[in-house]
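So you can see what is in the structure, the chains are spelled out below.
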Amino acid sequence: MIMYTTKLTKKKIAVGLIALCAVIVGTGCWILGGRADTASAAAENNISCKLKSNEERVAFLRGYGWEVDESPAAEQDVRIPDTFDAAYESYNALQKTQGLDLSKYQGRKCKLFVYRVHNDPSGEEGVTANLVLYRDRLIAADICSQNADGFVHAITDRSANVQPEE
């Protein structure tokens, strides 16, 4: 029979605890394997980010394939209502598809930047990209038509208004 003895030191305890933690984390990841994909997919839809300058805002829009003017067509202060009516609830539902949520900013004063869009798939004139920022953080974004019977869709959806060819 072979016997091995060792002196237990703080270093050996630390190494043992690190190894034990690695085994526990590895087992947890292996067990939850499928759930990690779902979480990463939800995080992928979150477009919330800091946009401190006009160049960053234009680059953000172009990153989603939108061709816009170099400077905003309009820039104004807006206030998110304390309570949402049906229209705001619908708009917030659109924002949630992008990982944004206006309900966190109810009653807050924000900044709206409006950019003219030149390449909307619908081919319609007067389409704008709207970015709402609170302390330079993007809290809402959409593409919309200025026509009375126009549309509003997520900034991440470039195919929302493509008309079927006949």
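The preceding data block contains the structure.
Heads up: these notes are all about the structure in this document. All figures in this text were calculated on a predicted structure; none of them were measured in a lab.

## Description of a positive patch on the surface
Together, K50, K52, R108 and R135 make up a region of like positive charge exposed at the surface. Along the chain, K52 falls in the loop between α2 (33-44) and α3 (54-63). On the basis of relative accessibility, which here comes to 59%, the residue K52 falls in the exposed class.

## Describing unusual backbone geometry
Notably, R135 is not glycine yet its phi reads approximately 50°, a positive angle. Along the chain, R135 turns up in the loop between β3 (127-134) and β4 (137-145). If you check the backbone angles, D136 has positive phi at about 70° while not being a glycine. With respect to the helices and strands, D136 occurs in the loop between β3 and β4. The partly exposed category is assigned to D136, whose relative accessible area is 34%.

## Structural notes on helix α4 (residues 86-96)
Turning to α4, its buried residues number three or more, namely Y91, N92, L94 and Q95. Angularly, the buried residues of α4 cover 150° about the axis, an arc narrow enough to put them on a single face. Packed against the buried residues of α4 are β4 and β5 (152-154). Two or three places before A87, at the start of α4, stands the capping residue D85, its side-chain oxygen 3.2 Å from that residue's backbone nitrogen.

Here is what the cut-offs are and how they apply
- Residues numbered from 1 in each chain as written.
- Predicted model: local features only at pLDDT ≥ 70, side-chain atom pairs only at ≥ 80, totals over all residues.
- Heavy atoms only, no water.
- Patch = residues over 30% accessible without salt bridge, like charges linked within 9 Å, V, L, I, M, F, W, Y side chains within 5 Å.
- Areas by Shrake-Rupley, 256 points an atom, 1.4 Å probe, with all protein chains shown as cover.
- Salt bridge = Lys/Arg side-chain N within 4 Å of Asp/Glu carboxyl O.
- Lys, Arg positive; Asp, Glu negative; His and termini not counted.
- Charge placed at Lys NZ, Arg CZ, Asp CG, Glu CD.
- Helix = DSSP H or I, 4+ residues; strand = E, 2+ residues; numbered from the N terminus.
- Buried < 20%, exposed > 50% of the residue type's maximum accessible area, 1.4 Å probe, protein only.
- Arc of directions from axis to C-beta.
- Contact = heavy atoms within 4.5 Å.
- Polar contact = N/O pair within 3.5 Å; in protein donor to acceptor, adjacent residues only side chain to side chain.

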